[in-house]
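# Structural description and commentary
So the chains spell out like this:
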Amino acid sequence: KRMKLYHYITKGHTALTEGILSFAKNSDADLSYYHKRTGGQTSHEGIVKWMENCFEGRSRAVRGFSEPIQWTNKSINMFKPFIENADLFSIDLAALQKDGLIEAVYVSPAIKPNLDKDFPQDVDERLVKLSSIDEIDTSPVDWTVCDEKLGLRFSVVPYYLIVIKGGIIPPKYITLES
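For the structure given in this document, a descriptive report is provided here. Remember, it's a predicted structure, so these values are computed and weren't measured experimentally.

## Thoughts on the sheet that holds strand E4 (residues 86-92)
- Overall, antiparallel pairing links the 3 strands, which are arranged E1-E4-E9 in an open sheet. Pairing within the sheet leaves two strands with one partner each, and these edge strands are strand E1 (4-10) and strand E9 (174-176). The average angle at which neighbouring strand axes cross in this sheet is 30°, direction not considered.

## Some thoughts on the pairing of strand E7 (residues 159-164)
- Extensive coverage of E7 is indicated by the burial of 6 of its 6 residues.
- The alternating pattern of E7 places Tyr159, Leu161 and Val163 on one face and Tyr160, Ile162 and Ile164 on the opposite face, and all of these are buried.
- As defined by bridge partners, strand E3 (residues 61-64) adjoins E7 across 4 bridges and the pair is classed as antiparallel. Its bridge partner being in E7, Arg63 is matched across the sheet by Leu161.

## Looking at the nonpolar core
- Counting 24 residues, the largest nonpolar core has Ile20, Ile91, Leu93, Leu96, Ile136, Ile162 and Ile169 as its most contacted members.
- Those elements that provide at least two residues to this core are E1, E4, helix H5 (93-98), strand E5 (102-108) and E7.
- Dropping the residues within four chain positions of it, Ile169 is found in contact with Gly19, Ile20, Val62, Ile91, Leu96, Ile164 and Ile174.
- Core analysis: the second largest hydrophobic core is formed by 16 residues, Met78, Phe79, Val156 and Val157 among them.

## Some remarks on the packing of aromatic side chains
- Considering all chains together, one arrives at 8 aromatic pairs under this definition.
- Every member of this aromatic cluster is reached through a ring pair, and the members are Tyr8, Phe65, Phe79, Phe82, Trp143, Phe154 and Tyr159.
- Above the ring of Tyr159, the side-chain terminus of Arg63 is found at 4.6 Å from the ring centroid.

Each value, and the rule that gives it
- Residues numbered from 1 in each chain as written.
- Predicted model: local features only at pLDDT ≥ 70, side-chain atom pairs only at ≥ 80, totals over all residues.
- Heavy atoms only, no water.
- Pairing = 2+ DSSP bridges.
- Helix = DSSP H or I, 4+ residues; strand = E, 2+ residues; numbered from the N terminus.
- Axes fitted to C-alpha atoms, helices over the stretch in contact; angles between N-to-C directions.
- Buried < 20%, exposed > 50% of the residue type's maximum accessible area, 1.4 Å probe, protein only.
- Core = buried A, V, L, I, M, F, W, Y, C linked by side-chain atoms within 4.5 Å.
- Contact = heavy atoms within 4.5 Å.
- Phe/Tyr/Trp six-rings, centres within 6.5 Å; stacked < 30°, edge-to-face > 60°.
- Lys NZ or Arg CZ within 6 Å of the ring centre and 35° of its normal.

As structure tokens, then:
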């Protein structure tokens, strides 16, 4: 079975010509999302530095899900506009690996809110390094745990960060799915 991850990009992108850009390579990235988490970094360069302090390659990573996002009645207002305003791409990990473009793979495991009470619930990145793409879990994701009223978005489902050599996934490794 083809090893794929799924990645969303807001419509109006250049992915089909320029590829999928990591944060380091995307000078138009939305910095507001990181501002709070980085202790107030406001520049693209400052956030890249902060990311590289977390682990080497963090700023060159691209996030992906093992399957497309499925919204439920608990997450429709949170996910449906996001999905409708984005294009869904699949990333061919096997081909990336074969061509030596994957430096590292990390998983952000799903937090179980009722069990993991001691973990900060708003942190959606507890990252665990995997030995290879073969360790990516392709079993079905339970999207019913995402709950907009509780503010539970991507912290409660697993997702992956693929650290890419050069920080760009070239167009030949991606497919526009929808």
